[in-house]
Amino acid sequence: MDTLEARIALSVVAVVAAALFFRRRNRRKAPTSVEEIMAGADPEQIRMMAEDVILLDNEDNVIGHGSKKDTHLNVNIEKGMLHRAFSVFMFDTKGRLLLQKRSSDKITFPSYWANTCCSHPLYMESELDGVDGVKNAARRKLEQELGITPDQVPLDSFQFLTRVHYQARSDEVWGEHEIDYILICTPPKDPVVRRNPNEVAETRYFTPTELREWVDGADGRGDLVSPWFRIIERTLLHTWWASMEDGTLEEHVDDKIHRAGDFDKAAGTAPSVGDASKKQGAYGKVVTHKESVLSQLSHVDEVVAALRYKLSGAGKSRLPADADDDYRFCEEMLCKVSRSFAAVIQGLPEELRKSTCVFYLALRGLDTVEDDVGAFDGDVPTKQRHLRDFYLHLDEADWHMEGVGEGDERALLEAFGGVARTFQALPEEYADVVRDITRRMGEGMARFVDRDLTQGTTDVADYDLYCHYVAGLVGEGLSALFARSGHEDASVAAQKQLSNDMGLFLQKTNIIRDYLEDFVDGRAFWPREIWRHYADDLGAFAHGANARDGLACLNHMVTDALEHAPACLRYMAQLKDPQVFAFCAVPQVMAIATLDKVYNNGDVFTGVVKIRKGLAVKLMTQAKDQQALYRIFLRFARSVRAQVPADDPNAERTFAAVDALEEECLSHMDAPRLDHLVRANWVAFGMLFALLYFLFQRRDRWEGNLPRITNSVDVAAVAAVTAVTLYLLAFCGVPMTNGIVSEKSLEGRRHAATVGYRSGAF
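Residues numbered from 1 in each chain as written. Predicted model: local features only at pLDDT ≥ 70, side-chain atom pairs only at ≥ 80, totals over all residues. Heavy atoms only, no water.

Attention now goes to the overall build of the chain. In terms of regular secondary structure, the chain is built from 35 helices and 13 strands. Here the chain holds 762 residues, and 54% of them are scored as buried. A fraction of 73% describes how many contacts in the chain between residues 6 or more apart in sequence connect residues 24 or more apart. Carbon together with sulfur atoms contributes 52% to the accessible area of the chain, which is approximately 33300 Å² in total. (Helix = DSSP H or I, 4+ residues; strand = E, 2+ residues; numbered from the N terminus. Buried < 20%, exposed > 50% of the residue type's maximum accessible area, 1.4 Å probe, protein only. Contact = heavy atoms within 4.5 Å. Areas by Shrake-Rupley, 256 points an atom, 1.4 Å probe, with all protein chains shown as cover.)

Structure follows, in C-alpha cells:
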C-alpha cells in the first residue's frame, strides 16, 4: 500500500482500539487544580507545605513570609515571588559526597537525585539570621530527612561558600525560585544515616570520578537529576571538592549573589563547550526536552517511516576496498563526532564524500580549539595564534594537539595526523578549498575568542558576522567543492550570498535552540540588539523566568532566522545532482522543523528542545527533490503562522517572513498529483461496504434495529464505519476539486497547493 493508504488503515485501527478502550475503562480524570493535587498528596508532605518560609527581594533582604505551597506555585513565581533556601554538600572522612534520591511522595521534584540535603529555613527567630539561620535550618532538616542528629553535625562542621539565585520548573504547577545558600559539611566523624522514607528514597556516597561517570550516564539509565545539582556538578562542585582536600576551600567564600548561569564564571571554572552537534545535553549541563514514547507512537506515519528506513538498510555506506588506514580513521572519527553528519556525508558521490569528510573533520578540530575555554589557562593570544595557524597543520603529516577538547573531539586532535595525511592525498582543487575555508574560519574565530560573550553578541550585524564565520563559510566551501567536482555548475559556487544564507539559517537555528546551554557556558550569541527589548539581562529568561517577555524575545529570534529560509530554497533550486541535493536538504528540513518546534515554546529556556526522532527520519526520507522541499517548508511555515500569539510584538514581522516563505514555495510548486488519493478513496469505499455488509449479517443478533453497545464486536464495527465515513467526507471530493484548478497562474498554484496540503497529499 502507499503511505497514505497505510495511514488510513492504521488510523481506523487506532479509532477502533480507542473505542474499545474507553468502553471498557472509565479512566480517572487527572488532577487539574492545586486543590486536587494537594488532596491526593501524602499527608506529611501536605503538612510541611503549610510551613512558612522566608520571602526575599532580589538582594536577599527579608520582606515577609509565605507558605511553602504558595512560594512554589509557578503562578506566583512568574509574579516574582522569591524565597530563601539552602543546599548541603556533606562529605565523609574518606572525602566522598553523600547524595540522596528524593522520595516519590515529594510534591516538587519527586524521585530526583540531588545533593545531601536541599530545603528552606523557616520564618522563625532561630533561622532568620542569614548564614547562622540556614546552618540551624540545615541541622534541623538533616535530622528530619536523614536521621543525622545535630550532635553529629556541630555548627563548626559547616562552611558557607556563596549564594545562588536561580529558578526552575518541576512541572506545570510547581517550581523553584530561590536564593540558595551553599553549605559544605565535613562532620568530625562519619554520621549514622537513618533516612526518612517519606523524604528520601535512597542515599549513596560518591568519589569525584564515580560522580562524573554517574551523572554522565544518568539520562541513559533513566535516573532523574535535579537541575540545580546538575549545573553545580558541572561547574563548581569539583573545584570545591579539590580545594576541600587541599585545605583551600575558604578561598572560594564570597558574599555575592550569583545569578542563574553566571556563578560558574565568577569561580573561573566554566566548562568547555562542544559544538552544536555535541550539545543538546550531551555533557549533562541542561535537561533535554524529548517527547514521550507514547507521543511518538501516536504519530503512526512517523513510526512507519522509521521502520521502513531501518529495514531498508538506508544510511549504511561502505568504504571503497582500496581505502587506506588514514581514510578509514577519518570515516570512523566522523561517525564518532557526529553521527548525523556522517549519514549525509556518506551518501555523497565518492570523490565528494572523501573531500567533505576531511573538510568536516578539519573544521571540527578547529571548532574544538575554539570551544575549550580551559585548555589555554586564559592565555588568549596563544589561543588566537592556534586558531589562526590551524590551517597550516593540514600540510603537516604528523601534527597533533594534546589536552584540548573532551571525549571524541580530544581524540580527533590527538590523532589529527590521520586527517592531515588524507587531506594531502586529495586532488589540489579540493585541497585548496578546504585549506582556504579553514584559514578564514580560524581568523574569524580568533576575532571573537577574546570577546566577553556572557551577554551575547552586540547587534544583529555582529550576530550575522559570527554565524558567517562558523557556518556561512562552510556553505561557501561546500558550494566550491560541488562545483569543482563537476557534479554542480560553477554558478552554484558563484552565488556566495545564497551559500551564506544557507549557513546562517542552520547556525541561527542551533543558537536559538541552545539558549540555556550557551548561557550556562558563558558564551552566548543572542544579540543584545534583540533581547534588550525584553530584559536588562540575557539570563532574565533562564529556567523559565519572565516567561511572557522570554517568549516574545524567542519569537523575535525565530523570525530573524526564518527570513533566511527563502534564500535556502533558492540555493537548493540550483542543485541538479540527486546525491548533492539530499546532502544539503536534510539539514535544511531539520532546521525548519526545529524552528517550528521552538517557536513560542518556553521549554527553550529550561533545556534543549528536540524534534521527534520519527519526524526526523520521515523528513529525511521525504526530502528527495525540490518539490518535496517546497512542501516541507510550506508545512512548517504554516505551522508557525498558526502559533503566532495575537499580542506578540513581532507578529507582523513574523507574518511577513512566513508570507515570503509561502510565496517562494507556492510560486514554484507543481499542482499536486492526487492519483494516490483517488486509489485511497477507492480503498476506503471498499472498507465501508465490507463493514456495512458485516453489520447487516449481524442484525439478527440485535434486540431491535441498532447494534448493541454492550458487544465489543458491534462497537468496533460501528467505530470503524464512523472513521471511514469521516475520512470519505473529508477527502472524497479533493481530486475533483483539484481538476478544476488552473496551474497557469500563481493564484491557481496557491489554491492547488492548499488543496493538496489539506488533503494530506503533501
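Let us now look at the packing of aromatic side chains. Taken as a whole and judged by the stated rule, the model has 21 aromatic pairs. With a centroid separation of 5.6 Å and 55° between ring planes, the pair formed by Phe541 and Phe605 is classed as tilted. In this pair, Phe541 sits in the loop between α25 (528–531) and α26 (547–562) while Phe605 sits in the loop between α28 (578–598) and β13 (608–609), placing the two residues 64 residues apart along the sequence. We classify Phe541 as buried; its relative accessible area is 0%. (Phe/Tyr/Trp six-rings, centres within 6.5 Å; stacked < 30°, edge-to-face > 60°.)

Time to look at the pairing of strand β3 (residues 83–90). Burial of β3 is extensive: 8 of the 8 residues sit out of reach of the surface. Both faces of β3 are covered, namely the face carrying His83, Ala85, Ser87 and Phe89 and the face carrying Arg84, Phe86, Val88 and Met90. Of the strand pairs in this sheet, β3 and strand β8 (residues 175–185) are connected by 8 bridges, and their pairing is parallel. Following the sheet pairing, His83 is matched in β8 by Glu178. Relative to strand β6 (residues 117–119), β3 runs antiparallel, the two sharing 3 bridges. The partner of Ser87 across the bridge, within β6, is Cys118. (Pairing = 2+ DSSP bridges.)

The next thing to look at is a nonpolar patch on the surface. Taken together, the side chains of Val678, Trp682 and Phe685 present a nonpolar region at the surface, about 330 Å² in accessible area. Tracing the chain through its elements places Val678 in helix α32 (residues 675–697). According to the relative accessible area criterion, Val678 is partly exposed, its value standing at 32%. (Patch = residues over 30% accessible without salt bridge, like charges linked within 9 Å, V, L, I, M, F, W, Y side chains within 5 Å. Salt bridge = Lys/Arg side-chain N within 4 Å of Asp/Glu carboxyl O.)

For Gln424, the location among the structural elements is in helix α19 (residues 417–424). For Gln424, a relative accessible area of 37% corresponds to the partly exposed category. With 27 residues separating them in the primary sequence, Gln424 and Ala397 have C-alpha atoms 8.0 Å apart. There is a polar contact of 3.1 Å between the side chain of Gln424 and the backbone oxygen of Leu394. (Polar contact = N/O pair within 3.5 Å; in protein donor to acceptor, adjacent residues only side chain to side chain.)

Our focus in this paragraph is helix α10 (residues 237–246). Among the residues of α10, those classed as buried are Leu237, His238, Trp240, Trp241, Ser243 and Met244. Just beyond α10, the residue with positive phi is Gly247, at close to 80°.

Right, let's talk about a negative patch on the surface for a bit. On the surface, a cluster of negative charge is made up of Asp322, Asp324, Asp325, Glu350 and Glu351. Mapped onto the elements of the fold, Glu350 is located in helix α16 (residues 350–371). (Lys, Arg positive; Asp, Glu negative; His and termini not counted. Charge placed at Lys NZ, Arg CZ, Asp CG, Glu CD.)

Looking now at the nonpolar core. Residues Leu361, Trp526 and Phe633 are the most contacted members of the largest nonpolar core, which totals 133 residues. Take this core: its biggest share by element is 13 residues, from α28. In this structure, Phe633 is in contact with Phe505, Ala565, Leu569, Gln588, Val589, Ile592, Leu661 and Cys665, ignoring residues within four places of it in sequence. Of all hydrophobic cores here, the second largest spans 30 residues; its members include Leu161, Tyr166, Ala168 and Trp228. (Core = buried A, V, L, I, M, F, W, Y, C linked by side-chain atoms within 4.5 Å.)

Structurally, the α-helix is built with 3.6 residues per turn, so residues lying three or four positions apart point the same way. Between its first and last C-alpha, α28 extends 30 Å over 21 residues, near the 30 Å set by a 1.5 Å rise per residue. Of all the bends in α28, the greatest, near 30°, is centred on Ala585, and the proline Pro587 appears no more than four residues after it. Burial runs high along α28: 16 of the 21 residues are buried. Put simply, Asp577 is the residue that caps the front of α28, since its side-chain oxygen is 2.8 Å from the backbone nitrogen of Gln579. Positive backbone phi, approximately 55°, marks Asn600, located one or two places after α28. (Expected span 1.5 Å × (residues − 1). Bend = angle between axes of the 7 residues up to and from the residue.)

Under the definition given, this model contains 0 disulfides. Not engaged in a disulfide, the cysteine Cys117 finds its nearest cysteine sulfur in Cys118; these two sulfurs lie 6.6 Å apart. We classify Cys117 as buried; its relative accessible area is 0%. The thiol sulfur of Cys357 is not disulfide-bonded, and the nearest other cysteine sulfur, from Cys330, lies at 5.2 Å. By relative accessible area, Cys357 is classed as buried at 0%. (Disulfide = S-S within 2.5 Å.)

Here we come to the sheet that holds strand β9 (residues 200–206). The sheet built from 4 strands is open, its strands ordered β9-β4-β5-β10 with mixed pairing. For this open sheet the edge positions go to β9 and β10 (224–225), each flanked by a neighbour on one side alone. Examined bridge by bridge, strand β4 (residues 97–102) and strand β5 (residues 112–114) share 2 bridges and lie antiparallel to one another. Bridging across to β5, Lys101 finds its partner in Trp113. The strands touched by helix α7 (residues 208–216) are β4, β5, β9 and β10; relative to β9, the strand with the most contacts, the crossing angle is about 130°. (Axes fitted to C-alpha atoms, helices over the stretch in contact; angles between N-to-C directions.)

Attention now goes to the packing of helix α27 (residues 565–573) against helix α30 (residues 626–643). Between α27 and α30, the shortest axis-to-axis distance is 10 Å and the interhelical angle comes to 170°. The orientation of α27 with respect to α30, classified from their angle, is roughly antiparallel. Residue-level contacts link Ala565, Leu569, Met572 and Ala573 of α27 to Gln626, Leu629, Tyr630 and Phe633 of α30. (Parallel < 35°, antiparallel > 145°, perpendicular 65-115°, else oblique.)

If you walk through the whole model with that rule in mind, you get 39 salt bridges. When the shortest N-O distance is used, the salt bridge between Arg163 and Asp60 registers 2.8 Å. One end of the pair, Arg163, is in strand β7 (residues 158–169); the other, Asp60, is in the loop between β1 (52–56) and β2 (62–67), and 103 residues separate them in sequence. The two residues Arg163 and Asp60 agree in class, both being buried. Residue Arg570 pairs with Glu664 through a salt bridge whose shortest N-O separation is 3.2 Å. Highlighted residues: Arg570 in helix α27 and Glu664 in helix α31 (residues 651–666), separated in sequence by 94 residues. Since its relative accessible area comes to 38%, Arg570 is described here as partly exposed. Overall, Glu664 belongs to the buried group, its relative accessible area being 12%. If you follow the salt bridges from partner to partner, you end up with Asp436, Arg439, Arg440, Glu476 and Lys496 in one network.

Note that every value here comes from positions in space, so none of it alone points to a role or purpose.
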